[in-house]
Amino acid sequence: MPLSPPHAILEPRPSTLDRDTFVARYGDIFEHSPWVAEAAWQQGLTTQHDHPDGLASLMGQMLQQASSDEQIRVIRAHPDLAGKAALAGELTGDSTQEQAGAGLDQCSPEELARFEHLNTTYKHKFDFPFVIAVRGLDRYAILEAFAERLDNDLATERRTAIEQVMRIARLRLQARASG
């Protein structure tokens, strides 16, 4: 799916929506975390937020200002890559489309075993799942990033995971504006 041009507008326009409608429409941008959309709406939406990048920036700011516990819950809301939920068809629509776009639904048994091993090792070390914006990456690049990030310390990896969560949200909003 192509990214939206910089002048793209989200429809319905976020700045025109009441709280419940806004959360119903944009509450799933951050995986299973509608509170991010609620916080953005409470902050106040302007026409600047009718654009994917403007809304992504505001919602990302809400996540960055959240408590450490809230941030960790958002990270933990993300599924394992090529994990059991994906194999069982239990991912959100966005996650299913994103993982399939990166070819994670076409892994060989050996690749699935490697993902499972890396998922387990990563979760054991950091106590949250590996999060990466997979759009534009293939499974080989994802596996490489996975292995590299296992060398990070907890603080670095937590920051990286939050950055990736915000990138995923931006890409989802851009996709909605172009679709």
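Residues numbered from 1 in each chain as written. Predicted model: local features only at pLDDT ≥ 70, side-chain atom pairs only at ≥ 80, totals over all residues. Heavy atoms only, no water.

Some details on the packing of aromatic side chains
Step number 1: Tallied over the entire structure, the rule returns eight aromatic pairs.
Step number 2: A ring pair is formed by Phe22 and Tyr26, whose centres lie 5.2 Å apart and whose planes are at 40°; its orientation type is tilted. Taken together, the residues Phe22 and Tyr26, both in helix H1 (residues 19-26) and four residues apart, mark about one turn of the helix.
Step number 3: According to the relative accessible area criterion, Tyr26 is buried, its value standing at 0%.
Step number 4: Each ring, one from Phe126 and one from Phe128, has its centre 6.0 Å from the other, and the planes form 25°; the classification is stacked.
Step number 5: On the basis of relative accessibility, which here comes to 3%, the residue Phe126 falls in the buried class.
Step number 6: Through successive ring pairs, a cluster of aromatic residues spans Phe115, Tyr122, Phe126, Phe128, Phe130 and Phe146. (Phe/Tyr/Trp six-rings, centres within 6.5 Å; stacked < 30°, edge-to-face > 60°. Helix = DSSP H or I, 4+ residues; strand = E, 2+ residues; numbered from the N terminus. Buried < 20%, exposed > 50% of the residue type's maximum accessible area, 1.4 Å probe, protein only.)

Thoughts on the nonpolar core
As a rule of thumb, nonpolar side chains are buried together in soluble globular proteins.
Step number 1: Of all hydrophobic cores here, the largest spans 47 residues; its most connected members are Phe30, Met59, Phe115 and Ile142.
Step number 2: Looking at this core, the elements with two or more residues in it are H1, helix H2 (35-43), helix H3 (52-65), helix H4 (68-76), helix H7 (109-126), helix H8 (139-149) and helix H9 (154-178).
Step number 3: Take this core: its biggest share by element is seven residues, from H9.
Step number 4: Contacts of Phe30, omitting those with residues within four sequence positions, involve Val36, Met59, Gly60, Leu63, Val74, Val165, Met166 and Ala169. (Core = buried A, V, L, I, M, F, W, Y, C linked by side-chain atoms within 4.5 Å. Contact = heavy atoms within 4.5 Å.)

Things to note about the side chain of Arg176
Step number 1: If you trace the backbone, Arg176 turns up in helix H9.
Step number 2: Side-chain polar atoms of Arg176 contact the backbone oxygen of Arg25, separated by 2.7 Å.
Step number 3: Every residue in contact with Arg176, bar those within four places of it in the chain, is listed here: Leu10, Arg25, Tyr26, Asp28, Ile29 and Asp94. (Polar contact = N/O pair within 3.5 Å; in protein donor to acceptor, adjacent residues only side chain to side chain.)

Describing unusual backbone geometry
If a residue is not glycine, its phi is most likely negative; likewise, a peptide bond is most likely trans.
Step number 1: The linkage connecting Glu11 with the following residue, Pro12, adopts the cis geometry, with an omega of -5°.
Step number 2: Here Pro12 shows up in the segment before H1.
Step number 3: Look at His32: it is not a glycine, yet its phi comes out positive at around 50°.
Step number 4: Inspection of the secondary structure assignment puts His32 in the loop between H1 and H2.
Step number 5: We note that Asp127 has phi near 65°; this positive angle belongs to a residue other than glycine.
Step number 6: Looking at where Asp127 falls in the secondary structure, it is placed in the loop between H7 and H8.

Things to note about the environment of Leu104
Step number 1: Locating Leu104 in the fold gives a position in the loop between helix H6 (93-101) and H7.
Step number 2: The exposure class of Leu104 is buried, given its relative accessible area of 5%.
Step number 3: The sequence separation of Leu104 and Val134 amounts to 30 residues, and the corresponding C-alpha distance is 9.5 Å.
Step number 4: Beyond its immediate chain neighbours, meaning those up to four positions away, Leu104 contacts Leu81, Ala82, Gln99, Phe115, Arg139 and Ile142.

A look at H9
Step number 1: The end-to-end C-alpha distance of H9, which contains 25 residues, comes to 36 Å, matching closely the 36 Å that a straight helix rising 1.5 Å per residue would cover.
Step number 2: Here H9 starts with a cap whose side-chain oxygen sits 3.1 Å from the backbone nitrogen of Ala155, and that cap is Asp153. (Expected span 1.5 Å × (residues − 1).)

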